[in-house]
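Residue-level listing of the chains:
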Amino acid sequence: MSRLSLKNSSNAASPMRVVTTKNLIILGVIAATFALVWLLRQLGIVTSVHESTLALICINIILAVSLNLITGFTGQFSLGHAGFMSIGAYTTALILLRFPTVWGFLAGLVIGGILAMIAGIIIGFPTLRLKGDYLAIATLGFAEIIRVVFQNMEITGGPSGLASIPRMASWPWMIGLTILTILVINNFINSYRGRACIAIREDEVAAEAMGINSTKYKIIAFALGAFFAGIAGGLYASYFYFIAPGKFNFLTSINVLVIVVLGGLGSLSGSVIAAVILTVLTTMLRGFTGVNNIIYAILLIAMMLFRPKGLMGTIEVTDLLEKLRLFKRKEQVE
Amino acid sequence: MTQRPLISLENVTITFGGLVAVANVSMFVEPGELVGLIGPNGAGKTTVFNLITGVYRPTSGAIKFADKNDPNHMIDLVGKKPYTVTARGIARTFQNIRLFNEMTVLDNVRLALSHSFRYGLLASLTHLGKFHAEEERSIEEARRLLDVFDLRDKQDELARNLPYGEQRRLEIARAMATDPRLLLLDEPAAGMNPIETEALAETIARIRKEFGITILLIEHDMSLVMKICERIYVLDHGQLIAHGTPDQIQHNERVIEAYLGDDDDI
């Protein structure tokens, strides 16, 4: 991650580091994705089934990338992501049902994200003293509490949830917010605050001895992760018309965790790749109830056996590109 | 007249259950000194470091540290969290090396420079504003430190890939990056061969000269301790049994007894 930005700087210590080959490549990939999907839609190759898969991919990417910040980079084992997601989903849905406009949608996303963030901070203070499995259990319990609250409130429609939510989450919204999430979290990780989070994962005692207030940075990571989980929830509510408490049970949290672990704890591109693979797989296996979970389990076991660090480990795709280029450079010298 | 101490421990005691790990220890270090803390295994030396840095809270006693801005004013360190102790000017290394293994050498040092960054959360998220200027500054600063410790050409390596001796050096470099006035070194020569130890002694001498830093050193390598320390405290079973110059310590009956056992034991 940060290895990368350092190499850039050692090559050329110019202040114009915004326009680098790496950034241009990223921009190119984004533009190409946009163009490709636009073209496929124009040609009518993308049907509504495909489109809903694409929407799910985007939502899962946002969820996985934001959970990776908490679990992969900061090392805090959280099973509460469905809880944060549901806060965003219900907020967006409730606002959209009253103000069915783009502005209502935008307000829903922002307010939902902020409320999820506040929830993240509130549960962060008491629970972040816990470590490992204990933290996982506490966050799991928290998410379940939120679900039960939604299930029993009148305004949220009780167990049957909310239906006929206006669909505002069109395709550009989806991909735009996905990219925004990746960029913001990537930026954060490559700042001194992000390095503090990684240091806490590596060795909390040493991080504290180097002047890092570990509670503070854990809460920042939790708040930021919860914010984007709220955004993902809002997108979900507005795209799929309908939300119910059952959608946000602990299995949802675990599915996100599976994506993060499979992609690599500490690799954003790993999360993106795993989110794409697993979402496509789930959609393809939709007809076979139960097979889904078996495949998930087999994938996880195989991963633990053959590649315990996940698909990408802690490396990013851009790091790989960088390495390839380094090799080329060496060859030229010889 | 003696100077005001930089740090002083007054009758510090800590018990874990029934075990008295450190009993009634009083010691001080004056600004600019290099003081050794020695003793047999399990004597409580590292516990003293953990007490000073706030990892443990003493059961009784006081730990006072000279204020950054007003050296005549002593602040109480008891009950302070480790990161605030570091912010007040005490840095440490660990007996069993604790680097951030998956981070680069440069980033290990830059992490310890966290206190010096001046950009807000928004700049962290957007990389706008002062972000790039501040990052450049920290890279320059970290490289300067790596130069002092001869690690400049390793800056892009992951910390875990460094050889043992260089990991020890990196730990000291990282500690220095927190801009301390007191450096606590916990067995920096452990596992080093005589040549590496020699180099370490030179490094310590160099950072004392360059940064004017005060050092409290735990070490088992007696030749190193006797050579570089100006004063030595000896700890045994949690109690201070001797205190003096290296020469005095070498001829102290109780110290020899603690290290070799008395006649009755044989």
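Definitions and cut-offs
Residues numbered from 1 in each chain as written. Chains lettered and ligands numbered in written order. Predicted model: local features only at pLDDT ≥ 70, side-chain atom pairs only at ≥ 80, totals over all residues. Heavy atoms only, no water. Helix = DSSP H or I, 4+ residues; strand = E, 2+ residues; numbered from the N terminus. Rg over C-alpha atoms; globule rule 2.2 N^0.38 Å. Contact = heavy atoms within 4.5 Å. Areas by Shrake-Rupley, 256 points an atom, 1.4 Å probe, with all protein chains shown as cover. Lys, Arg positive; Asp, Glu negative; His and termini not counted. Charge placed at Lys NZ, Arg CZ, Asp CG, Glu CD. Buried area = accessible area lost by both parts, 1.4 Å probe. Salt bridge = Lys/Arg side-chain N within 4 Å of Asp/Glu carboxyl O. Polar contact = N/O pair within 3.5 Å; in protein donor to acceptor, adjacent residues only side chain to side chain. Pairing = 2+ DSSP bridges. Axes fitted to C-alpha atoms, helices over the stretch in contact; angles between N-to-C directions. Domains from an automatic or database assignment. Buried < 20%, exposed > 50% of the residue type's maximum accessible area, 1.4 Å probe, protein only. Patch = residues over 30% accessible without salt bridge, like charges linked within 9 Å, V, L, I, M, F, W, Y side chains within 5 Å. pLDDT = per-residue confidence, 0-100.

Chemist: Where do I start with the overall build of chain A in this structure?
Modeler: What chain A contains, in helices and strands, is 14 helices and 0 strands. Moving toward the C terminus, one meets the helices and strands of chain A in the order α-α-α-α-α-α-α-α-α-α-α-α-α-α. The globule rule puts the C-alpha radius of gyration for 334 residues at 20 Å, and the 20 Å found for chain A is close to it. For chain A, the spread of C-alpha atoms along the principal axes amounts to about 70 × 55 × 40 Å. Looking at chain A alone, contacts between residues at least 24 apart form 80% of all its contacts between residues at least 6 apart. Carbon together with sulfur atoms contributes 72% to the accessible area of chain A, which is approximately 14,900 Å² in total. Placing the 24 positive and 13 negative side-chain charges of chain A at their respective mean positions leaves the two points 5 Å apart.

Chemist: So what exactly am I meant to see when it comes to the interface of chain B and chain A here?
Modeler: By a widespread convention, an interface's size corresponds to the accessible area lost as its parts come together. Every contact between the two is made by 37 residues of chain B and, on the other side, 36 residues of chain A. For the pair chain B and chain A, the two sides together bury roughly 3,300 Å², of which 59% comes from carbon and sulfur. Among the residues chain B hides against chain A, the three largest losses belong to Y83(B), F100(B) and L125(B). Together they make up 18% of the total. Counting across the interface, chain B meets chain A through 2 salt bridges. Residue R195(A) pairs with E135(B) through a salt bridge whose shortest N-O separation is 3.1 Å. Taken together, the links from chain B to chain A amount to 14 residue pairs in polar contact (both at pLDDT 80 or more). Of all elements in the fold, only helix 2 (82-87), helix 3 (105-112), helix 4 (121-126), helix 5 (131-148) and helix 6 (164-177) of chain B reach the threshold of two or more residues within the side of chain B that touches chain A.

Chemist: Would you take a moment to explain the pattern of salt bridges for this structure?
Modeler: If the charged atoms of two oppositely charged side chains come close together, the side chains can form a pair. Residues and elements named next belong to chain B. Applying the stated criterion across every chain yields a total of 18 salt bridges over all chains. Residue R208 pairs with E230 through a salt bridge whose shortest N-O separation is 2.8 Å. Taken together, the positions of R208 in helix 7 (residues 194-211) and E230 in the loop between helix 8 (222-228) and strand 9 (231-236) put the pair 22 residues apart, joining distant regions of the chain.

Chemist: How should I be thinking about the sheet that holds strand 1 (residues 7-16) of chain B in this particular structure?
Modeler: Pairing between the strands of a sheet comes from backbone hydrogen bonds, and it takes one of two forms, parallel or antiparallel. Residue and element names in this part refer to chain B. Spatially, the 4 strands line up as an open sheet ordered 2-1-4-5, and their pairing is antiparallel. In the strand order of this sheet, the two ends are held by strand 2 (19-29) and strand 5 (74-76), each with one partner. Looking at each pair of strands side by side, their axes are set apart by 25° on average, direction ignored. In this structure, strand 1 lies alongside strand 4 (residues 60-66), joined through 5 bridges in antiparallel fashion. Counted as the bridge partner of L9 is I63 from strand 4. Strands strand 1, strand 2 and strand 4 of the sheet are contacted by helix 1 (residues 45-52), whose axis makes an angle of about 110° with strand 1.

Chemist: Which parts of the structure should I look at to understand unusual backbone geometry?
Modeler: Most of the time, phi is negative for any residue but glycine, and the peptide bond is trans. Residues and elements named next belong to chain B. With a phi angle near 50°, N11 is a residue other than glycine that sits in the positive phi range. Counting through the fold element by element, N11 comes out in strand 1. Unlike most non-glycine residues, H237 shows phi in positive territory, near 50°. Structurally, the position occupied by H237 is in the loop between strand 9 and strand 10 (239-244).

Chemist: Could you clarify how one ought to interpret the domain arrangement of chain B in this entry?
Modeler: All names here are of chain B. Each domain of chain B was delimited in the assignment, giving domain 1 (1-89 + 180-266) and domain 2 (104-179). Using C-alpha coordinates to define each centre, domain 1 is positioned 27 Å away from domain 2. Contacts between domain 1 and domain 2 engage 19 residues on the former and 12 residues on the latter. In this assembly, domain 1 packs against domain 2 so that about 1,300 Å² is buried in total across both faces, 71% of it on carbon and sulfur atoms. The largest contributions to the domain 1 side of the interface with domain 2 come from P180, T203 and F211, which together make up 32% of the buried area. Remark: the boundary between domain 1 and domain 2 carries 0 salt bridges. At the boundary of domain 1 and domain 2, one finds 2 residue pairs in polar contact (both at pLDDT 80 or more). Listing elements by their share of the side of domain 1 that touches domain 2, those giving two or more residues are strand 7 (182-186) and helix 7. Top element by residues in the side of domain 1 that touches domain 2 is helix 7. It accounts for 7 residues.

Chemist: Whenever I open this one, the environment of P58(B) confuses me. Can you help?
Modeler: Residue and element names in this part refer to chain B. By the secondary structure assignment, P58 is in the loop between helix 1 and strand 4. Residue class for P58 comes out buried when judged on its relative accessible area of 8%. In this structure, the C-alpha to C-alpha distance between P58 and T15, residues 43 residues apart in sequence, is 8.0 Å. Residues contacting P58, with those up to four places away along its chain left out, are V12, T13, I14, L51, I63 and V78.

Chemist: What is the right way to look at a nonpolar patch on the surface in this model?
Modeler: All names here are of chain A. On the surface, a cluster of nonpolar side chains totalling about 600 Å² of accessible area is made up of I25, V29, I273, I277, L311, V317, L321 and L324. Listed by contribution, the elements that provide at least two residues to the nonpolar patch are helix 2 (21-42), helix 12 (268-284) and helix 14 (317-333). A total of 3 residues in the nonpolar patch trace back to one element, the largest contributor, which is helix 14. Take V317: it is sitting in helix 14.

Chemist: Explain the confidence of the model for chain B here, please?
Modeler: Detail in the predicted coordinates should be disregarded across regions flagged by low pLDDT. Mean pLDDT over chain B: 92, with 97% of residues reaching 70 or higher. Here the complex is predicted with pTM 0.90, and the ipTM for its interfaces comes to 0.93.

Chemist: What's the story with the sheet that holds strand 3 (residues 34-38) of chain B in this structure? I'm lost.
Modeler: All names here are of chain B. A sheet is described by the order of its strands in space; here 6 strands give the open sequence 6-7-8-3-9-10, paired in mixed fashion. Of all the strands in the sheet, just strand 6 (90-92) and strand 10 have a single pairing partner and so form its edges. The sheet shows a mean angle of 20° between the axes of neighbouring strands, taken without regard to direction. As paired elements, strand 7 and strand 8 (residues 214-218) share 5 bridges and run parallel to each other. Considered in strand 8, the bridge of L182 is made with T214. Contacting strand 6 and strand 7, helix 6 crosses the sheet at an angle of about 160° to strand 7.

Chemist: Help me understand the confidence of the model for chain A in this model?
Modeler: Residue and element names in this part refer to chain A. In the predicted model, chain A carries a mean pLDDT of 87, and the fraction of residues at 70 or more is 91%. Note on residues 1-16: pLDDT is under 50 here. Beyond four places in sequence and across chains, it has 42 contacts. Confidence drops under pLDDT 50 across residues 329-334; counting only partners more than four residues distant or on other chains, this segment forms 1 contact.

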